[in-house]
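# Report on the structure
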Amino acid sequence: MDSPPKNESKGFFASMSSMFSNAMHRSVNGLLGYEGVEVINPEGGKDDAEEEAQRGRWKQEERDGYWKMMHKYIGSDVTSMVTLPVIIFEPMTMLQKMAELMEYSHLLDLADESEDPYMRLVYASSWAISVYFAYQRTWKPFNPILGETYEMVNHGGITFLAEQVSHHPPMSAGHAENEHFTYDVTSKLKTKFLGNSVDVYPVGRTRVTLKRDNVILDLVPPPTKVNNLIFGRTWIDSPGEMIMTNLTTGDKAILYFQPCGWFGAGRYEVDGYIYNSSEEPKILMTGKWNESMSYQPCDLEGEPFPNTELKEVWHLADIPQNDKFQYTHFAHKINSFDTAPRKLLASDSRLRPDRYALEMGDLAKSGTEKSSLEERQRAEKRTREEKRHNFTPKWFDLTEEVTSTPWGDLEIYQYNGKYTKHRAVADSSGSIDDVDVKSTEFNPWQYGNLATE
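Quick summary incoming for the structure in this document. (Residues numbered from 1 in each chain as written. Predicted model: local features only at pLDDT ≥ 70, side-chain atom pairs only at ≥ 80, totals over all residues. Heavy atoms only, no water.)

### Digging into the overall build of the protein chain
Quick note on the threshold: The numbering of helices and of strands both runs from the N terminus, where a helix is a DSSP run of H or I of at least 4 residues and a strand a run of E of at least 2. Under the scheme applied here, a residue whose accessible area is under 20% of the maximum for its type counts as buried, over 50% as exposed, and between as partly exposed, the area being computed with a 1.4 Å probe on protein chains only. What makes two residues a contact is simply this: any of their non-hydrogen atoms within 4.5 Å. Residue burial considers only the protein chains on display, and all accessible areas are found by Shrake-Rupley using a 1.4 Å probe.
Along its length, the protein chain carries 10 helices and 22 strands. Out of the 453 residues in the protein chain, the part that is buried amounts to 55%. Counting only contacts in the protein chain whose residues sit at least 6 apart along the sequence, the fraction spanning at least 24 positions is 59%. Carbon and sulfur atoms make up 48% of the accessible area of the protein chain, which amounts to about 20400 Å² in all.

### Quick notes on the pattern of salt bridges
The following threshold applies: In the sections that follow, a salt bridge refers to a side-chain nitrogen of Lys or Arg positioned within 4 Å of a carboxyl oxygen of Asp or Glu.
Throughout the structure, instances matching the rule amount to 25 salt bridges. Across the pair Arg137 and Glu100 runs a salt bridge whose closest N-O atoms are separated by 2.7 Å. Taken together, the positions of Arg137 in the loop between helix H6 (132–135) and strand S4 (140–142) and Glu100 in the loop between helix H3 (94–99) and helix H4 (106–113) put the pair 37 residues apart, joining distant regions of the chain. The same class applies to Arg137 and to Glu100, which are both buried. Across the pair Arg384 and Glu380 runs a salt bridge, and its minimum N-O distance is 3.5 Å. Placement of both Arg384 and Glu380 in helix H9 (residues 363–387) is noted, with a separation of four residues, approximately one turn of the helix. Side by side, Arg384 and Glu380 carry an identical accessibility label, which is buried.

### Section: helix H5 (residues 117–130)
Along an α-helix, residues three or four apart share an orientation, since each turn contains 3.6 residues. We apply this condition: By definition here, a helix of n residues has an expected span of 1.5 Å times n minus one. Side-chain atoms alone can form a polar contact between residues adjacent in sequence; in general such a contact is a pair of N or O atoms within 3.5 Å, and within protein one must be able to donate a hydrogen while the other accepts it.
Over its 14 residues, H5 extends 20 Å from the first C-alpha to the last, a length consistent with the 20 Å expected when each residue adds 1.5 Å. When you tally the buried positions in H5, you get 12 out of 14 residues, the bulk of the element. Restricting attention to buried positions, one finds in H5 the residues Met119, Arg120, Leu121, Val122, Tyr123, Ala124, Ser125, Ser126, Trp127, Ala128, Ile129 and Ser130. Where H5 begins, the capping side chain belongs to Asp116, and its oxygen is found 2.8 Å from the backbone nitrogen of Tyr118.

### Focus: the packing of aromatic side chains
Which entries qualify depends on this criterion: Centres within 6.5 Å are what make two rings of Phe, Tyr or Trp a pair, Trp counting through its six-membered ring; a difference in plane orientation under 30 degrees is then read as stacked, over 60 as edge-to-face, and the rest as tilted. A ring is considered to have a charge above it if a Lys NZ or an Arg CZ atom is located within 6 Å of its centre and within 35 degrees of its normal.
Across all of its chains, the model carries 15 aromatic pairs by this definition. Centroid distance Tyr201 to Trp407: 6.3 Å. Interplanar angle 35°. Geometry classified as tilted. With Tyr201 in strand S9 (residues 197–210) and Trp407 in the loop between strand S20 (396–405) and strand S21 (408–415), the pair connects residues that are 206 residues apart, well separated along the chain. Taken individually, Tyr201 and Trp407 each receive the classification buried, so the pair is uniform in this respect. When the ring centre of Trp139 is taken as reference, the NZ or CZ atom of Arg57 above it lies at 3.9 Å.

### Concerning the pairing of strand S17 (residues 292–297)
Rule in force here: What makes two strands pair is DSSP finding at least two bridges between them.
The element S17 is extensively covered by neighbouring structure, given that five of its six residues are classed as buried. Pairing geometry for strand S16 (residues 281–288) and S17, over six bridges, is antiparallel. Note that in S17 the partner of Gly287 across the bridge is Met293. Connecting the antiparallel pair S16 and S17 is a turn made up of three residues. The pairing of S17 with strand S18 (residues 311–315) spans four bridges and is classified as antiparallel.

### Regarding the nonpolar core
A general tendency of soluble globular proteins is for nonpolar side chains to be buried together. For the record, the criterion: To qualify as a nonpolar core, a set must consist of buried Ala, Val, Leu, Ile, Met, Phe, Trp, Tyr and Cys residues joined through side-chain atoms within 4.5 Å.
Grouped together as the largest cluster of nonpolar side chains are 57 residues, with contacts concentrated most on Met102, Trp127, Phe160, Tyr183 and Met244. With eight residues, H5 is the single largest residue contributor to this core. Every residue in contact with Tyr183, bar those within four places of it in the chain, is listed here: Met98, Leu101, Met102, Trp127, Phe160, Gly174, His175, Ala176, Thr206, Arg207 and Val208.

### Observations regarding the side chain of Lys97
For Lys97, the position within the fold is in helix H3. In this structure the side chain of Lys97 is engaged in a polar contact, spanning 3.5 Å, whose partner is the side chain of Glu90.

### Some words on the pairing of strand S6 (residues 158–166)
Moving residue by residue along a regular strand, the side chains alternate between the two faces of the sheet. Within S6, eight of the nine residues are buried, which leaves the element mostly enclosed by the surrounding structure. In terms of strand pairing, strand S5 (residues 149–155) meets S6 through five bridges, oriented antiparallel. Opposite Met152, over in S6, you have Phe160 as the bridge partner. Hairpin connection between S5 and S6: a loop of two residues separates the two successive antiparallel strands, and Gly156 in this loop has a positive phi of roughly 60°. In this antiparallel pair of consecutive strands, S6 and strand S7 (residues 171–177), the connection spans four residues.

Printed below as a string of structure tokens:
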């Protein structure tokens with residue numbers, strides 16, 4: 001990353017080693033016999049950690065049992081290492097969560113329509129920030145089964161498709177498109193379990209192409225920390241820098257997500273600049289990722305120009321009150337068939353029996369179905385290995401490209417265009433691989449398609 005102007009001293013890569021060790025961290029030593037349990041109350045100070053530790057969604061016996069199971073993994077990447085109870089899950093998969101980035105996709109439409117190269121980055125970086133309100137949910141999405149898919153239509157003219165392309169390591173690929181932009185992502189999470197918290201590193205590549213001028217934007221998001229996994233009320237923070245680079249011109253947005261301090265100081269706040277290719281600030285941006293973002297033209301010192309004012313570029317849409325899973329209205333649409341094509345791929349996340357059971361409030365059924373799917377996936381893997389077969393995704397191809405990220409190298413999957421042709425056929429005549437979601441015989445419990453050769 002190029003160095004920012006001297007008045008902008010909040011470097012991300014230079015402070016990687018201390019990112020998650022800000023002054024608010026404290027431990028509850030000896031709590032219930034557990035040494036070194038770190039509990040953080042985002043609204044509190046340094047003296048209320050023990051009281052905070054007694055709160056949260058876990059019953060004491062469940063919490064104690066989970067701790068006994070998990071403490072041996074401290075320091076490890078637990079992305080797919082352990083089986084987790086459905087009590088901490090939300091009725092959505094990671095593929096669906098990827099689609100939440102499309103809620104405010106109109107900002108990408110505006111970026112494509114803009115003739116100002118710096119305003120393009122204002123719109124596009126605000127789009128990237130807009131999803132963080134959804135990402136703050138404390139419930140865990142289901143890990144996709146190998147070969148699982150998620151489709152979304154009927155939103156801003158967008159066709160969205162995601163597929164689970166690898167199980168070990170867990171990797172997903174996604175593609176979205178409308179008349180203004182294409183969106184392509186290869187996603188692989190890396191984690192570090194710290195006992196009562198986990199650091200999540202987004203080892204991925206996100207590219208947006210604005211169609212009018214074929215402008216290519218590259219996004220590097222900040223890492224995330226999930227606090228109070230077992231003791232206390234779970235909450236999420238994403239301290240660090242988000243960098244969006246215009247690969248066509250060299251301009252970039254560098255936006256700093258403030259870490260949460262004592263009594264919530266700095267929480268949600270985002271500040272930064274749009275820079276030209278010579279690293280000169282052109283537009284300052286400020287706001288909160290759970291409320292709104294604004295921008296203002298600035299001078300070479302990063303100070304606002306006289307006779308200009310902050311203008312809002314994005315604000316949070318109305319949200320449901322007291323929603324059990326903290327869903328937005330858009331998140332509910334993602335789970336519904338209103339955003340599904342009439343002929344839905346049988347591998348779609350909406351059709352998973354464990355997800356559907358949780359949505360219906362049946363935790364016991366959800367847990368049973370989740371265990372069944374996981375065991376079938378293990379059995380299928382054994383069969384493939386015995387036959388020396390490799391899984392091949394349907395809709396994305398593994399390329400020879402390997403890209404470097406701040407948290408490790410990443411193999412890139414590319415959308416192969418087959419889904420576009422399939423959807424055209426399915427919309428006109430249907431396919432034996434599709435499920436008619438309008439049919440009176442449709443039954444979400446019939447999901448069973450795992451990875452096939």
